[in-house]
Amino acid sequence: MDVSQAFTSRSLSSLTKVFPDAELTEKPVNSGSALLQETYSFQVAYKGNQLMKHIRVRISSDMNENITVRSTGLVPSELPTYPDHDDIILRSTPGLYPDPLYPIDEIEGITVFPGQWRSIWVTVNVDEAAIPGIHNIKIVFETDNGDVLGEEIYELEVIPAKLPEQTLIHTQWFHSDCIATHYDVEVFSEDHWELIGQFVKTAVNHGVNMILTPLFTPPLDTEVGGERPTVQLVEVEKSGQHYRFNFEKLKRWIELCRNQGVEYFEFSHLFTQWGAKHAPKIMGNDHGGYKRLFGWETDAAGEEYRQFLGQFLPELVKFIRQNQLEHQSYFHVSDEPGLRDLESYQKASEIIQQYLNEFPIIDALSDYQFYENGFVKNPIPANNYIEPFLEHGVENLWTYYCCGQYKKVSNRFFSMPSFRNRVHGIQLYKYNLAGFLHWGYNFWYSQFSKKPIDPFKNTDANYSFPSGDAFIVYPGEHGPIESIRLEVLYEALQDVRALRLLEGYIGRDNVIELLEEKLEQEITFNEYPLDADWYVQKREQINREIKKWVCSKV
């Protein structure tokens, strides 16, 4: 039998999600363009009519050294979305969804399943040394004895213009306790530090330039009265009413993150989530014993915690100055307070502003009254509650989304089309936002951190948040396993940078006009094109405009 007759393949953009139980309807995409210093991705889908194992994937290109090929894996989703979801989803049924991007073992290769479409993910790192012009990338599928099953040729044009540096501040909350728990290593042991470095590097490589830094165990997604594993970078020693602090672990954290490219540090919340009514868990030595000094039993506005902060925060500020962090440090009061928490949030905010008034204080909250009353300097509203903040011209505005933002606005659930992830970049650019926050880079616990979960088997925080909300990276055997959603989000961030580059040539108003030309309505946070091909073609148009201006200056 001619094995090539049992195999078919198709090149696709990065915005297609290839499901094993559905026919592939997307048209082939065989070409694209990228700027210097850009990471470019595309896919090749494949299908056979019989089971074939140990299939090799061979790349032939003059850019071989800059190309990585991975296999798109499948993971289960039992809670793909909420029952009152909108219609901008791919499916709402439980099942297997494409997401993790696995390295391809040279010996094992990939497996072709009969009647199932699968895909490989091709990433091209277009560095500054890349030669401008068109580069052919041949992708060959062959058996272990060398028989060719099929091949695709993708044309990538390198545009002779460098993608500018990212100015947007971007944080995906980094849960160092989840890393220690999953890999079963002692917190801040040498093994833990090594893993932290790996996961920080992966984050930075995908546009994360701010890192959640656990001064004390972050009081996030924790059951009231419960606690998460202790990940506390500041050592505390209590002697009567006085405290001494050791910042050596914090210094190591800062150095590690800086070495990986982190630019900004957001220090963990100084009050509990959803209301700022209590202190975070703070461990320390007291009369020779190591114990919890503050926690759920602590009144946030009580005198004891006020005295602690009155001694701790000046010492922290001194550390910040000694390590030249004055312009890279951000602080939090409490995550996601509501209007019912206005009074407790006000008290907490006033306490820390006595010592931290020179630093940005950022919090995810969506009621404008917190900002209007001066309780928070830098509000971060959810993208479905951002309009009042835009209307009032709030400066240095950020946004965020999480599980609650699933109607019309951009997000990254498994069940959503990838363009709903990609459009976020255009929205960030159009509204000139200063930052973006997400709570789940690697949250591998159940809701309220009651127990660990295996993110390869449980993708919804133990049936709590739609799959894709709680994490965007997986814990591989030897370190991070990236995801489709992480790669597409980085493409969105690169879109912002490309738009800023074009703005330097034609001006901001003309860039927005180009983005919205021929659309029936302007792009907003809940109105945008619902066609993946539009995003592919629009980016190509942006690149052509940049190329025209660059070449006209030669």
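Residues numbered from 1 in each chain as written. Predicted model: local features only at pLDDT ≥ 70, side-chain atom pairs only at ≥ 80, totals over all residues. Heavy atoms only, no water.

### So, the overall build of the chain
Here comes step 1: Each helix and strand counted, the chain has 11 helices and 24 strands in total.
Here comes step 2: Here the C-alpha radius of gyration of the chain, 25 Å, is about what a compact globule of 554 residues would show, namely 24 Å.
Here comes step 3: Expressed as a percentage of its 554 residues, the buried residues of the chain come to 60%.
Here comes step 4: Partitioning the contacts of the chain with sequence separation of at least 6, the portion at a separation of at least 24 is 73%. (Helix = DSSP H or I, 4+ residues; strand = E, 2+ residues; numbered from the N terminus. Rg over C-alpha atoms; globule rule 2.2 N^0.38 Å. Buried < 20%, exposed > 50% of the residue type's maximum accessible area, 1.4 Å probe, protein only. Contact = heavy atoms within 4.5 Å.)

### Looking at the sheet that holds strand 2 (residues 31-36)
Here comes step 1: With mixed pairing, five strands are arranged side by side in an open sheet as 2-10-9-4-7. The open sheet is flanked by strand 2 and strand 7 (110-112), the only strands paired with a single partner. Each strand of the sheet is rotated relative to its neighbour by a mean of 35°, with strand direction disregarded.
Here comes step 2: Pairing analysis gives 10 bridges linking strand 9 (residues 133-142) to strand 10 (residues 148-162), with the strands arranged antiparallel. (Pairing = 2+ DSSP bridges. Axes fitted to C-alpha atoms, helices over the stretch in contact; angles between N-to-C directions.)

### Considerations on the packing of helix 1 (residues 176-183) against helix 2 (residues 190-204)
Here comes step 1: Two numbers describe how helix 1 lies on helix 2: the axes approach to 10 Å, and their chain directions differ by 120°. In terms of orientation, helix 1 lies oblique with respect to helix 2. The chirality of how helix 1 crosses helix 2 is right-handed. On helix 2, the residues touching Ser176, Ile179, Ala180 and Tyr183 of helix 1 are His192, Leu195, Ile196 and Phe199.
Here comes step 2: Among the residues making up the contact of helix 1 with helix 2, the classes are represented as six nonpolar, two polar and no charged. (Parallel < 35°, antiparallel > 145°, perpendicular 65-115°, else oblique. Left-handed = near helix turned anticlockwise from the far one by under 90°. Nonpolar A, V, L, I, M, F, W, Y, C, P; charged D, E, K, R; others polar.)

### Points about empty space enclosed by the protein
Here comes step 1: The final tally for this structure, using the stated rule, is five cavities of 30 Å³ or more.
Here comes step 2: Tyr40, Ser41, Arg422, Glu491 and Arg539 are, among the 19 residues lining the largest cavity, the residues nearest its centre.
Here comes step 3: Where the lining of the largest cavity is concerned, the elements lending two or more residues are strand 3 (38-48), helix 9 (484-506) and helix 11 (532-552).
Here comes step 4: Split into classes, the residues belonging to the lining of the largest cavity amount to six nonpolar, seven polar and six charged. (1 Å grid on protein atoms, 1.4 Å probe; cavity = no way out; pocket = protein on both sides within 12 Å on 5 of 7 lines; lining within 4 Å. Points joined across faces, edges and corners; volume = space filled by probe spheres on them.)

### Digging into unusual backbone geometry
Here comes step 1: Despite not being glycine, Trp274 has its phi angle at roughly 60°, a positive value.
Here comes step 2: For Ser449, which is not glycine, the phi dihedral falls at a positive 55°.
Here comes step 3: Checked against the element boundaries, Ser449 lands in the loop between strand 22 (435-438) and strand 23 (474-476).
Here comes step 4: Its relative accessible area of 12% is what places Ser449 among the buried residues.

### Overview of the pattern of salt bridges
Here comes step 1: Within the structure shown, the criterion is met by 35 salt bridges.
Here comes step 2: When the shortest N-O distance is used, the salt bridge between Glu128 and Lys162 registers 3.5 Å. Taken together, the residues Glu128 in the loop between strand 8 (118-126) and strand 9 and Lys162 in strand 10 connect sequence positions 34 residues apart.
Here comes step 3: Classification of Glu128 by relative accessible area gives partly exposed; the value is 47%.
Here comes step 4: You can call Lys162 partly exposed: its relative accessible area is 39%.
Here comes step 5: One network of salt bridges, in which partners are shared, links Glu38, Arg422, Glu491, Asp495 and Arg539. (Salt bridge = Lys/Arg side-chain N within 4 Å of Asp/Glu carboxyl O.)

### What to know about the layout of surface pockets
Here comes step 1: Within this model, the largest pocket holds a volume of roughly 880 Å³.
Here comes step 2: Every residue lining the largest pocket is counted, 36 residues in all, and those nearest its centre are Thr39, Asn125, Lys201, Asn205 and His206.
Here comes step 3: Put simply, the parts of the chain that give the lining of the largest pocket at least two residues each are strand 3, strand 5 (67-77), strand 6 (95-103), strand 8, helix 2, strand 24 (479-481) and helix 9.
Here comes step 4: It is helix 2 that provides the largest number of residues to the lining of the largest pocket, a total of five residues.
Here comes step 5: Considering only residue class, the lining of the largest pocket consists of 10 nonpolar, 17 polar and nine charged.

### Looking at the packing of helix 9 against helix 11
Two packed helices can be described by the angle between their axes and the distance between those axes.
Here comes step 1: The interhelical angle for the contact between helix 9 and helix 11, taken along N-to-C directions, is 40°, at an axis separation of 10 Å. Relative to helix 11, the element helix 9 lies oblique. In this structure, helix 9 meets helix 11 at a crossing whose hand is left-handed. For the pair helix 9 and helix 11, contact is made by Gln494, Asp495, Ala498, Leu499, Leu501, Leu502, Tyr505 and Ile506 and by Arg539, Ile542, Glu545, Ile546, Trp549 and Val550, respectively.
Here comes step 2: A breakdown of the residues in the contact of helix 9 with helix 11 according to their chemical character gives 10 nonpolar, one polar and three charged.

### Describing the nonpolar core
Here comes step 1: In this structure, Leu250, Trp253, Phe271, Phe308, Phe312 and Leu316 are the most contacted members of the largest nonpolar core, which totals 150 residues.
Here comes step 2: The element best represented in this core is helix 9, accounting for 12 residues.
Here comes step 3: Leave out the neighbours within four places in its chain, and Phe308 touches Phe216, Val236, Tyr243, Phe245, Ile282 and Phe294.
Here comes step 4: Among the nonpolar cores identified, the runner-up in size contains 28 residues, and Met63, Ile67, Ile110 and Tyr154 belong to it. (Core = buried A, V, L, I, M, F, W, Y, C linked by side-chain atoms within 4.5 Å.)

### Overview of the side chain of Asn458
Here comes step 1: Along the chain, the position of Asn458 falls in the loop between strand 22 and strand 23.
Here comes step 2: A distance of 3.3 Å separates the side chain of Asn458 from the backbone nitrogen of Asp460, its partner in a polar contact.
Here comes step 3: Filtering out sequence-adjacent residues up to four positions away, Asn458 remains in contact with Ile453, Tyr463 and Phe471. (Polar contact = N/O pair within 3.5 Å; in protein donor to acceptor, adjacent residues only side chain to side chain.)

### A look at the environment of Arg321
Here comes step 1: Inspection of the secondary structure assignment puts Arg321 in helix 4 (residues 303-322).
Here comes step 2: For the pair Arg321 and Trp444, spaced 123 residues apart in sequence, the C-alpha to C-alpha distance is 34 Å.
Here comes step 3: Setting aside residues up to four positions removed in sequence, Arg321 forms contacts with Glu326 and Glu358.

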